[in-house]
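Observations on chain architecture
For reference, the chains in residue letters:
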Amino acid sequence: MPDPARINHHLTESLLLAYATGELPEAFSIAVAAHLSLCDECRARSMTFDVLGGALLETHAEVLSDGALAATLARVRSEGPAPTPRTPVPADVLPAPVRGYVGGGLDAVRWRPLGGGVKQAILYRDEHATARLLSIAAGAAVPDHGHAGTEITLVLAGAFSDGIGRFGPGDVELADEDVDHQPVADPGGDCICLAATDARLRFHSFVPRLAGQIFGI
Amino acid sequence: MWADEMRALSERRDESAFAALFAHFAPRVKAYLMRSGSAPDLAEEVAQDVMATLWRKAHLFDPAKASVNTWVYTIARNRRIDILRKRARPEPDDLPWGHEAEADQADALALQQESERLAAALTRLPEKQRVLVERAYYGDLSHREIADETGLPLGTIKSRIRLGLERLRHHMS
Ligand SMILES: [Zn+2]
Ligand SMILES: [Zn+2]
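This text gives an overview of the structure that appears in the document. Because the structure is a prediction, the values reported are computed rather than measured.

**Concerning the overall build of chain A**
When helices and strands are counted, chain A shows six helices and eleven strands. Among the 217 residues that make up chain A, the fraction classed as buried is 55%. In chain A, 66% of the contacts between residues at least 6 apart in sequence involve partners at least 24 apart. Carbon together with sulfur atoms contributes 54% to the accessible area of chain A, which is approximately 9,200 Å² in total.

**Remarks on the interface of chain A and chain B**
With 69 residues of chain A in contact, the opposing surface of chain B contributes 70 residues. Contact between chain A and chain B buries roughly 6,500 Å² in total, counting both sides, with carbon and sulfur atoms accounting for 61%. Of all residues in chain A, E23, L56 and L57 of chain A give up the largest surface area on contact with chain B, accounting jointly for 11% of the area buried on that side. For the pair chain A and chain B, the number of links is six salt bridges. Between R75 of chain A and D49 of chain B there is a salt bridge; the shortest N-O distance is 3.0 Å. Viewed at the interface, chain B and chain A are joined by 27 residue pairs in polar contact (both at pLDDT 80 or more). Elements with a minimum of two residues in the side of chain A that touches chain B: α1 (13–21), α2 (26–38), α3 (40–57), α4 (68–76) and α5 (96–102) of chain A.

**Overview of the packing of helix α2 (residues 15–35) of chain B against helix α3 (residues 40–57) of chain B**
Residues and elements named next belong to chain B. At a closest axis distance of 8 Å, the pairing of α2 and α3 adopts a crossing angle of 140 degrees. Comparing their axes, α3 and α2 come out oblique. Between α2 and α3 the crossing geometry is right-handed. Contacts from E15, F18, L21, F22, F25, A26, V29, K30, L33 and M34 of α2 reach α3 at P40, A43, E44, V46, A47, Q48, V50, M51, L54 and W55. Looking at the contact of α2 with α3 residue by residue, the class counts come to 16 nonpolar, one polar and three charged.

**A few points about the pattern of salt bridges**
Side chains carrying opposite charge are able to pair once their charged atoms draw close together. All names here are of chain B. A full pass over the atoms with the stated rule returns 18 salt bridges over all chains. The partner of K30 in a salt bridge is E44, and the shortest N-O contact between them spans 3.2 Å. Highlighted residues: K30 in helix α2 and E44 in helix α3, separated in sequence by 14 residues. The class of E44 is buried, set by a relative accessible area of 9%.

**Describing the pairing of strand β2 (residues 118–125) of chain A**
Residue and element names in this part refer to chain A. Note: strand β1 (residues 112–115) against β2, three bridges, orientation antiparallel. From the neighbouring strand, R112 faces β2, where its bridge partner is Q120. Where β1 folds back on β2, the antiparallel hairpin that results is connected by two residues, among which G116 adopts a positive phi of roughly 65 degrees. Looking at chain direction, β2 and strand β3 (residues 130–136) are connected through seven bridges and run antiparallel. Paired with V118 across the two strands is I136, which belongs to β3.

**Describing the coordination of the zinc ion (ligand 1)**
All names here are of chain A. Within the protein, the zinc ion (ligand 1) binds to H10 (ND1), H35 (NE2), C39 (SG) and C42 (SG); these donor distances fall in the range 2.1 to 2.3 Å. One can describe the site at the zinc ion (ligand 1) as tetrahedral: its four donor atoms subtend angles covering 97 to 125 degrees at the metal. The sequence pattern describing where the donors of the zinc ion (ligand 1) fall on their chain is H-x24-H-x3-C-x2-C. Note that H10 is positioned in the segment before α1 and C42 in helix α3, a separation of 32 residues in sequence. You can call C42 buried: its relative accessible area is 0%.

Rules used throughout
Residues numbered from 1 in each chain as written. Chains lettered and ligands numbered in written order. Predicted model: local features only at pLDDT ≥ 70, side-chain atom pairs only at ≥ 80, totals over all residues. Heavy atoms only, no water. Helix = DSSP H or I, 4+ residues; strand = E, 2+ residues; numbered from the N terminus. Buried < 20%, exposed > 50% of the residue type's maximum accessible area, 1.4 Å probe, protein only. Contact = heavy atoms within 4.5 Å. Areas by Shrake-Rupley, 256 points an atom, 1.4 Å probe, with all protein chains shown as cover. Buried area = accessible area lost by both parts, 1.4 Å probe. Salt bridge = Lys/Arg side-chain N within 4 Å of Asp/Glu carboxyl O. Polar contact = N/O pair within 3.5 Å; in protein donor to acceptor, adjacent residues only side chain to side chain. Axes fitted to C-alpha atoms, helices over the stretch in contact; angles between N-to-C directions. Parallel < 35°, antiparallel > 145°, perpendicular 65-115°, else oblique. Left-handed = near helix turned anticlockwise from the far one by under 90°. Nonpolar A, V, L, I, M, F, W, Y, C, P; charged D, E, K, R; others polar. Pairing = 2+ DSSP bridges. Donors = N, O, S within 2.8 Å, 3.2 Å for Na, K, Ca; no water. Tetrahedral: all angles 85-135°; square planar, octahedral: opposite > 155°, others 65-115°.

In structure tokens, the structure reads:
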């Protein structure tokens, strides 16, 4: 697990607000929840937005029908407490919210090679956005690309650089229409990332674009 | 506020404590859902559901981590995403929160005070900004629109929760 003090690139206020209000596409929520599992600072900021939700909850009330309390009590009276939540699982490169979508730890990921030392595994996809794990071999590059929408990339292991910055374990890179980049993994070891995108990426060279069509990048 | 009722509920399934919590929070959860676009019938059903969850999970409530209204909000928000948005909201790893009775009590009190201060700050926001905050929470802004909104005056509570988390980190190492 990355040292929280060494995370340099964090989530934006607007992403945290969208997560707190439930407006984030599920694929993005996976990336946000994964970062919040690693980062104290964003965790504290995220909790602040929940507190604000609680404060807003206090501001309006609607009358319930007669007997609502009695009906609810009748439902729960015989029930004991819910089971205590999961016990902590052994440490893994993948934080719990990601393990939930993989169905296990890093060993359980079913990678599909994209060529050039890059592998991916789609974690979740719906009409709004896609979340995938990427594995970039040490020194290898993800094809140079622009973005048709928003992209959140969270580093889980290793590191990459792309001309905008260097991103290590726990770091988040946000990219949008204005960003063109080519992430290159550090030579030290494979870089494992979680990437969420809300529209198809645009690749600049022909061959990777073809690969994009085949593999659904 | 309400922490005593939560303890009574958690420790002895105290129905009068539950009735008091229900009288306060069920109408507020119903209003939250109606303002989020749900019809009154569904809003009432979900409000009862949320209160049933409060009964079942009372033993998991920790006043050092959240005030009761924050906790109820998160339960209601998750049900709303589930039912109205039909999607899941993955949650972060549980924090392995360090427990010390004295620190917990201080945290619970600080959290309560900061929550109240934030609620007061909310009422003092300029009308235009307050409406935007409400619209964001009632699901009336897309995440794209939220991305354009900044400048919420949230500084104060951060620092307090931050201290709790720093103590936590200290506990872990
Ligand atoms: Zn962070
Ligand atoms: Zn990119």
